[in-house]
Amino acid sequence: MPANWYIYSHESLPDPDLMGVPGYTPDSEYIKHGGFSVGVLPQKEWMVLPSRIATIRHHDWTDKAGHKEFIYMEDIAGPIRTKFGKRGVVLLDHEPSEAEKKAVAADCEKLSLAFRMSQVEWYENQVREKEVTGQGRTKPTPYEDKCYTILGLTKPYSVEAMRAQRHPGEAVGEQIVAALDRLDQRRQQEAKNEKASHTKQPAPMGT
């Protein structure tokens, strides 16, 4: 049995920025299962977890004192991975190497963004359902609203979205220009970094 387990998430679970915002339900965002709970899992940081956690269980209402039991990570790792893996959460039974950390971070970012996109699509399907059948909703949850921001997508019922309906060609054209501008800025920065790495001179060696 490993001495420690290691957990990583691309996003904070639950999201501290959304705590207290009406419509946000943090209880479902906690990493927990069978009496085990991580608490707030910070984004893009590795957290060390013990291989077992002690808890007090009660057989029934007469068992007021309860009795100690141990929860083993190897028993609950599967359910945690199943529930949160698609959100960019990884749980390992060994300490990851630096190379593994980089690979995990990259994979978790992709999973997290894909999950956020699925939430946007789910919300927009609800909006279309509302428009067609009257059943559904038009207001996004705080989490869905933040997904739009992180993904850089235009939020429905925003000024930009309403203008896009009136002038679709103009709005799409502006989005393309903005995307190309971001790409150009990134390429310029990468070129600067590459040039800087080539111009660095080795420190003189002592005689």
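Criteria and thresholds
- Residues numbered from 1 in each chain as written.
- Predicted model: local features only at pLDDT ≥ 70, side-chain atom pairs only at ≥ 80, totals over all residues.
- Heavy atoms only, no water.
- Helix = DSSP H or I, 4+ residues; strand = E, 2+ residues; numbered from the N terminus.
- Buried < 20%, exposed > 50% of the residue type's maximum accessible area, 1.4 Å probe, protein only.
- Contact = heavy atoms within 4.5 Å.
- Areas by Shrake-Rupley, 256 points an atom, 1.4 Å probe, with all protein chains shown as cover.
- Phe/Tyr/Trp six-rings, centres within 6.5 Å; stacked < 30°, edge-to-face > 60°.
- Axes fitted to C-alpha atoms, helices over the stretch in contact; angles between N-to-C directions.
- Parallel < 35°, antiparallel > 145°, perpendicular 65-115°, else oblique.
- Left-handed = near helix turned anticlockwise from the far one by under 90°.
- Core = buried A, V, L, I, M, F, W, Y, C linked by side-chain atoms within 4.5 Å.
- pLDDT = per-residue confidence, 0-100.

A short note on the overall build of the protein chain
Step number 1: When you go through the protein chain residue by residue, the secondary structure sums to 5 helices and 7 strands.
Step number 2: Residues classed as buried in the protein chain amount to 26% of the 207 residues present.
Step number 3: Of all intrachain contacts in the protein chain linking residues separated by at least 6 positions in sequence, the fraction that spans at least 24 positions is 61%.
Step number 4: Just so you have it, the protein chain exposes about 13,900 Å², and 55% of that area is on carbon and sulfur atoms.

Notes on the environment of Q126
Step number 1: In this structure, Q126 sits in helix α2 (residues 98-133).
Step number 2: Distance in space between the C-alpha atoms of Q126 and T138 is 7.2 Å, their sequence separation being 12 residues.
Step number 3: Those residues within four positions of Q126 in sequence are excluded, and the remaining contacts are Q135, G136 and R137.

Description of unusual backbone geometry
Where the residue is not glycine, phi is negative for most of them; where a peptide bond is considered, it is trans in most cases.
Step number 1: In this chain, L13 is followed by P14 through a cis amide linkage whose omega measures -10°.
Step number 2: Relative to the assigned elements, P14 resides in the loop between β1 (4-9) and β2 (32-33).
Step number 3: For K44, which is not a glycine, the phi torsion comes out positive at approximately 55°.
Step number 4: With relative accessibility at 51%, the residue K44 sits in the exposed group.

Focus on the packing of aromatic side chains
Step number 1: If you walk through the whole model with that rule in mind, you get 3 aromatic pairs.
Step number 2: When the ring of Y123 is compared with that of Y148, the centres are 6.2 Å apart and the planes differ by 90°; the resulting orientation is edge-to-face. Of this pair, Y123 sits in helix α2 while Y148 sits in helix α3 (residues 142-151), placing them 25 residues apart in sequence.
Step number 3: Classification of Y123 by relative accessible area gives buried; the value is 1%.

What about the environment of I7?
Step number 1: Note on placement: I7 falls in strand β1.
Step number 2: Linking I7 and W46, residues 39 residues apart in sequence, is a C-alpha distance of 5.7 Å.
Step number 3: Each residue touching I7, except ones within four places of it in the same chain, is listed here: I31, L41, E45, W46, M47, L49, V89, V90 and L91.

A few points about the packing of α2 against α3
Packed helices, taken two at a time, are described by their axes: the angle between them and the distance between them.
Step number 1: Across the interface, α2 lies against α3 with an axial gap of 9 Å and an inter-helix angle of 125°. When the axes of α2 and α3 are compared, the pair comes out oblique. Two packed elements cross with a definite hand, and for α2 against α3 that hand is left-handed. Note on element contacts: α3 touches α2 through Y143, E144, K146, C147, Y148, I150 and L151, opposite L113, F115, R116, M117, Q119, V120, W122, Y123 and E124.

Quick look at the nonpolar core
Step number 1: Of all hydrophobic cores here, the largest spans 16 residues; its most connected members are I7, I31, F36, L49, M73, I80 and L91.
Step number 2: For this core, the secondary structure elements donating two or more residues are β1, α1 (73-84) and β7 (89-92).
Step number 3: Ranked by the residues each element gives to this core, the list is headed by α1, at 5 residues.
Step number 4: Contacts of I31, omitting those with residues within four sequence positions, involve I7, L13, F36, S37, V38, L41, I80, F84 and V89.
Step number 5: One finds L18, Y123, V127 and Y143 within the second-largest nonpolar core, a separate group that totals 9 residues.

Regarding the confidence of the model for the protein chain
Step number 1: In the predicted model, the protein chain carries a mean pLDDT of 83, and 76% of its residues have values of at least 70.
Step number 2: Across the protein chain, element-level confidence peaks in β7 with a mean pLDDT of 97 and bottoms out in helix α4 (residues 159-166) with 52.

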